[in-house]
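For reference, the chains in residue letters:
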Amino acid sequence: MDILFINGSPNRNGNTAALARTLLEGKEYETLNLADYRICTYGQNFPDDQFQEVLSKMKEAKIIVIGSPVYWHNMSGALRTLLDRFYGPVSQGELRGKDLYFLFQGAAPTKQMLEFGEYTMSRFAALYGMTYMGMAASMADAEKLKKKM
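Just so you know, these numbers come straight off a predicted model, no measurement behind them.

About the criteria used
Residues numbered from 1 in each chain as written. Predicted model: local features only at pLDDT ≥ 70, side-chain atom pairs only at ≥ 80, totals over all residues. Heavy atoms only, no water. Core = buried A, V, L, I, M, F, W, Y, C linked by side-chain atoms within 4.5 Å. Buried < 20%, exposed > 50% of the residue type's maximum accessible area, 1.4 Å probe, protein only. Helix = DSSP H or I, 4+ residues; strand = E, 2+ residues; numbered from the N terminus. Contact = heavy atoms within 4.5 Å. 1 Å grid on protein atoms, 1.4 Å probe; cavity = no way out; pocket = protein on both sides within 12 Å on 5 of 7 lines; lining within 4 Å. Points joined across faces, edges and corners; volume = space filled by probe spheres on them. Nonpolar A, V, L, I, M, F, W, Y, C, P; charged D, E, K, R; others polar. UniProt positions renumbered as here; feature names shortened; annotations may be inferred.

S.K.: Looking at this structure, how should I read the nonpolar core?
M.R.: Most often, soluble globular proteins keep nonpolar side chains buried together rather than apart. Counting residues in each nonpolar core, the largest one holds 32 residues, and the members touching the most others are Ile6, Met58, Ile66, Leu82, Phe86 and Phe124. Those elements giving two or more residues to this core turn out to be strand E1 (3–7), helix H2 (51–60), strand E3 (63–69), helix H3 (77–85), strand E4 (99–105) and helix H4 (111–127). Looking at this core, the element that brings in the most residues is H4, giving five residues. Those residues in contact with Phe124 that lie beyond four places of it in its chain are Met58, Ile66, Leu83, Phe86, Leu100 and Met130. Residues Phe5, Ala20, Ile63 and Met133 belong to the second largest nonpolar core, which totals 14 residues.

Structure below.
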């Protein structure tokens with residue numbers, strides 16, 4: 001699969017997924033709903049942890065689209081946990097050659113919330129070798145961003 005959409009929302013058909021449908025309109029893609037996976041927090045080791053499954057799907061994709069609702073002024077806990085788990089088991093540059101798009105939506109996010117989310121994702125992309133393609137926080141943003149695909 002060339003495009004992987006990682007949905008960090010517990011609502012698999014909510015606003016985050018709608019933003020992804022707008023960005024990815026006309027393209028084939030696989031959706032991975034983080035709510036369907038058990039990803040333990042950094043430092044925990046449980047036999048049913050599925051971090052490696054998610055990482056494997058990310059390694060297979062050429063384009064990774066990560067989406068999250070704005071919760072408590074930041075990305076969802078499920079997405080934050082996924083990013084935290086990269087520390088240690090994933091080497092710097094390990095996802096080199098992939099493009100990363102970020103979808104970050106909420107009812108009334110402030111400029112600062114959006115800046116913090118974009119900063120985190122752009123740094124995440126840089127650390128693991130991906131090209132950060134940008135963020136969409138609205139349907140209009142998604143329409144503009146899809147021109148880069």
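S.K.: What's the story with empty space enclosed by the protein in this structure? I'm lost.
M.R.: Over the atoms, a rolling probe the size of a water molecule traces out where space has been left empty. Per the stated rule, a full pass over the model turns up one cavity of 30 Å³ or more. Surrounding the largest cavity, Met1, Leu4, Glu30, Lys57, Glu60 and Ala61 form its lining. Partitioning the lining of the largest cavity into residue classes produces three nonpolar, no polar and three charged.

S.K.: I keep staring at the UniProt feature "domain: NADPH-dependent FMN reductase-like" (unreviewed entry) in the protein chain and nothing clicks. Help me out?
M.R.: On the UniProt side, "domain: NADPH-dependent FMN reductase-like" (unreviewed entry) is annotated at positions that read residues 1–137 here. Note that residues 1–137 is 33% helix and 21% strand, and that its end C-alpha atoms are spaced 25 Å apart.

S.K.: What is the right way to read unusual backbone geometry from this model?
M.R.: The phi angle of most residues is negative, glycine excepted, and most peptide bonds adopt the trans form. Backbone geometry places Trp72, a non-glycine residue, at a positive phi of 50 degrees. As for its placement among the helices and strands, Trp72 is situated in the loop between E3 and H3. Relative accessible area serves as the criterion here: at 80%, Trp72 is assigned to the exposed category. Residues other than glycine seldom take positive phi values, yet His73 does so here, at roughly 70 degrees.

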